[in-house]
Amino acid sequence: MHFNVRQIITAGLLAGSMLVAPAMAQEKVLRIGMTAADIPRTHGQPDQGFEGNRFTGIPMYDALTAWDLSSADKASVVIPGLATEWAADANDKTKWIFKLRPGVKFHDGSALTADAIVWNVEKVLKKEAAHFDPSQVGVTVSRMPTLRTARKIDDLTVELTTSEPDSFLPINLTNLFIASPAHWNAKLAAVPASVTDPVERAKQAWVAFAAEPSGTGPFKGVRLQPRERFEMVANKTYWDPKRTPKIDRVVLLPLSDANARTAALLSGQVDWVEAPAPDAMPRIRSGGFTIYSNPQPHVWPWQFSFAEGSPWLDKRVRHAANLCVNREELKTLLGGMMGVPKGSVSPDHPWWGNPTFDIKYDLANAKKLMTEAGHSAAKPLKVKVLTSASGSGQMQPVTMNEYLQQALKECFFDVELDVIEWNAVFTNWREGAKDPKARGANAINVTFATMDPFFAMVRFVSTKTFPPVSNNWGFFGNDEFDGLIAKARSTFDGKERDAALANLHKRIVEEAPFLWVAHDVGPRAMSAKVKGVVQPKSWFIDIAPMSID
């Protein structure tokens with residue numbers, strides 16, 4: 001193993017300073033080494049991909065709906081969060097009524113009401129609102145693109161409207177974390193009177209809010225050092241007794257290098273690391289640590305550009321790339337920590353649809369397709385992939401991409417890897433292949449969750465989700481796909497919707513707008529001191545029920 005000395009020293013200093021602090025001597029403290037290179041934003045709409053939701057979203061905030069993360073054996077489903085029930089209007093499917101949970105308090109002591117829900121919708125949708133925050137829009141609106149307005153019915157009832165009938169809305173709302181309006185208003189009032197521009201005042205209020213967040217979640221944010229650490233303490237008055245924390249304090253440390261994370265764990269500087277170095281798995285296990293993993297609804301792909309001049313416009317080329325990768329060999333390289341994909345969802349999933357194109361390793365057929373498309377060893381096809389060295393769900397991106405670079409060479413691809421900072425890649429995922437910040441790439445490597453229809457499929461193949469609306473980075477889509485999406489979105493019966501989504505998935509696999517490389521299994525290594533760990537079949541995990549010796 002090769003360790004990043006700077007990161008190891010930083011982790012040691014941070015963890016060491018935490019351990020000797022007198023105020024914390026008797027606390028139960030959990031220290032986590034994240035893959036992110038920075039602390040995900042703490043104001044209620046995290047960045048850093050879904051790692052942000054996992055570590056600064058779900059612990060500190062609640063949404064109207066939530067993911068059930070209580071089981072390692074069954075798929076996570078949407079359950080009530082701050083809303084106890086919801087339903088679409090029988091006569092107008094663009095209107096939804098949500099009933100709120102009574103008695104919920106924000107960390108600052110103010111009450112959760114329908115006004116707070118309206119305020120949080122408007123923070124990302126209503127540009128003329130005093131608290132509108134452009135920095136929160138990209139990571140929120142792209143995940144719930146049909147939501148348009150919120151209206152208070154009474155103190156515990158709110159009406160949400162969508163631009164079209166959308167049966168996916170309750171799932172999408174798991175991404176809208178509810179922050180405290182009263183706390184934000186207090187931060188706004190503290191902005192110096194010399195700052196007169198309303199936009200600048202709002203910006204400063206959000207910066208102050210992020211340093212001292214207030215949600216309704218099981219943990220409260222208390223200390224933020226950007227790029228270094230973030231600390232949360234238990235909210236002992238949390239509304240759900242099942243998730244009232246047993247751990248007193250959680251410390252998040254950004255450690256983007258896999259070897260640095262692994263070294264920090266083995267040396268006792270952290271208690272938990274995401275995505276440990278694959279070659280260190282035996283050493284981790286022999287050291288008494290536990291490695292948790294579980295098949296996840298999460299795909300590691302290349303997403304292709306369909307912009308004019310892209311080398312991926314030829315379907316033969318897209319199919320060839322998918323047939324050229326020996327995924328079992330890659331799995332061995334990763335210490336077994338990946339699943340082999342057949343599409344965005346697995347063949348046992350209700351959205352499978354039985355595609356006619358079979359994703360597998362077939363080198364001869366891959367070469368045949370490339371030859372038919374006019375390429376050869378003497379005349380390889382040049383492609384450029386935008387990727388990162390780390391990041392939320394990126395697994396081991398350098399190792400994996402270098403493997404693909406060599407594997408695809410056998411099928412007459414000349415692959416250029418452009419490795420940049422994770423959040424820049426993630427931001428360009430919304431800006432699109434035509435944006436200058438794509439740096440001329442015609443494929444992008446950003447992992448994605450497949451736990452709901454919008455995240456799994458719709459945002460990548462709808463003409464309505466072209467950048468900057470959502471994550472159709474490659475501008476793939478046509479009338480056929482828009483029709484399949486409309487059918488699924490407007491179907492409110494569960495079985496009928498599954499059938500419509502299966503038709504959509506079938507066509508996605510057949511057209512192959514991705515190179516499907518792996519399904520994540522979410523390996524995370526933890527000290528034996530960490531108890532009550534449930535590794536769900538989800539990209540997320542719940543810290544609240546855990547304890548530490």
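A.B. asks: Looking at this model, I keep getting lost on the overall build of the protein. Mind explaining?
C.D. replies: For the protein, the count of helices and strands is 17 helices and 21 strands. The C-alpha radius of gyration computed for the protein amounts to 23 Å, which stays within 12% of the reference 24 Å derived for 549 residues, consistent with globular compactness. By its C-alpha atoms, the protein is 65 × 60 × 50 Å across when sized along the principal axes. Counting the 549 residues in the protein, one finds 60% classified as buried. Within the protein, one finds 62 positive and 59 negative side-chain charges whose respective centroids are separated by 2 Å.

A.B. asks: Sorry if this is basic, but what is going on with the pairing of strand β7 (residues 157-162) here?
C.D. replies: Consecutive side chains along a regular strand alternate between the two faces of the sheet. Along β7, six of the six residues are buried, which leaves the element largely enclosed by surrounding structure. Alternating positions in β7 separate into two faces, T157, E159 and T161 on one and V158, L160 and T162 on the other, with burial throughout. Two strands pair when backbone bridges link them, and strand β5 (residues 95-100) and β7 are joined in this way by five bridges, in the antiparallel orientation. Paired with K95 across the two strands is T161, which belongs to β7. Sheet analysis places strand β6 (residues 147-154) next to β7, joined by six bridges and oriented antiparallel. Opposite L147, over in β7, you have T162 as the bridge partner. Counted along the chain from β6 to the antiparallel partner β7, the turn is two residues long.

A.B. asks: Can you help me understand the sheet that holds strand β9 (residues 229-234) in this one?
C.D. replies: Hydrogen bonding along the main chain pairs the strands of a sheet, whether they run parallel or antiparallel. Taken in spatial order, the seven strands make up an open sheet running β8-β9-β10-β1-β11-β19-β12, and their pairing is mixed. Strand pairing shows two members of the sheet lacking a second neighbour, β8 (219-225) and β12 (290-292), which therefore form its edges. Within this sheet the neighbouring strands show an average axis-to-axis angle of 20°, counted without direction. As paired strands, strand β1 (residues 29-34) and strand β10 (residues 249-254) are joined by six bridges and run parallel to one another.

Cut-offs used in this document
Residues numbered from 1 in each chain as written. Predicted model: local features only at pLDDT ≥ 70, side-chain atom pairs only at ≥ 80, totals over all residues. Heavy atoms only, no water. Helix = DSSP H or I, 4+ residues; strand = E, 2+ residues; numbered from the N terminus. Rg over C-alpha atoms; globule rule 2.2 N^0.38 Å. Buried < 20%, exposed > 50% of the residue type's maximum accessible area, 1.4 Å probe, protein only. Lys, Arg positive; Asp, Glu negative; His and termini not counted. Charge placed at Lys NZ, Arg CZ, Asp CG, Glu CD. Pairing = 2+ DSSP bridges. Axes fitted to C-alpha atoms, helices over the stretch in contact; angles between N-to-C directions.

These results come straight from atomic positions and should not be treated as a statement about function.
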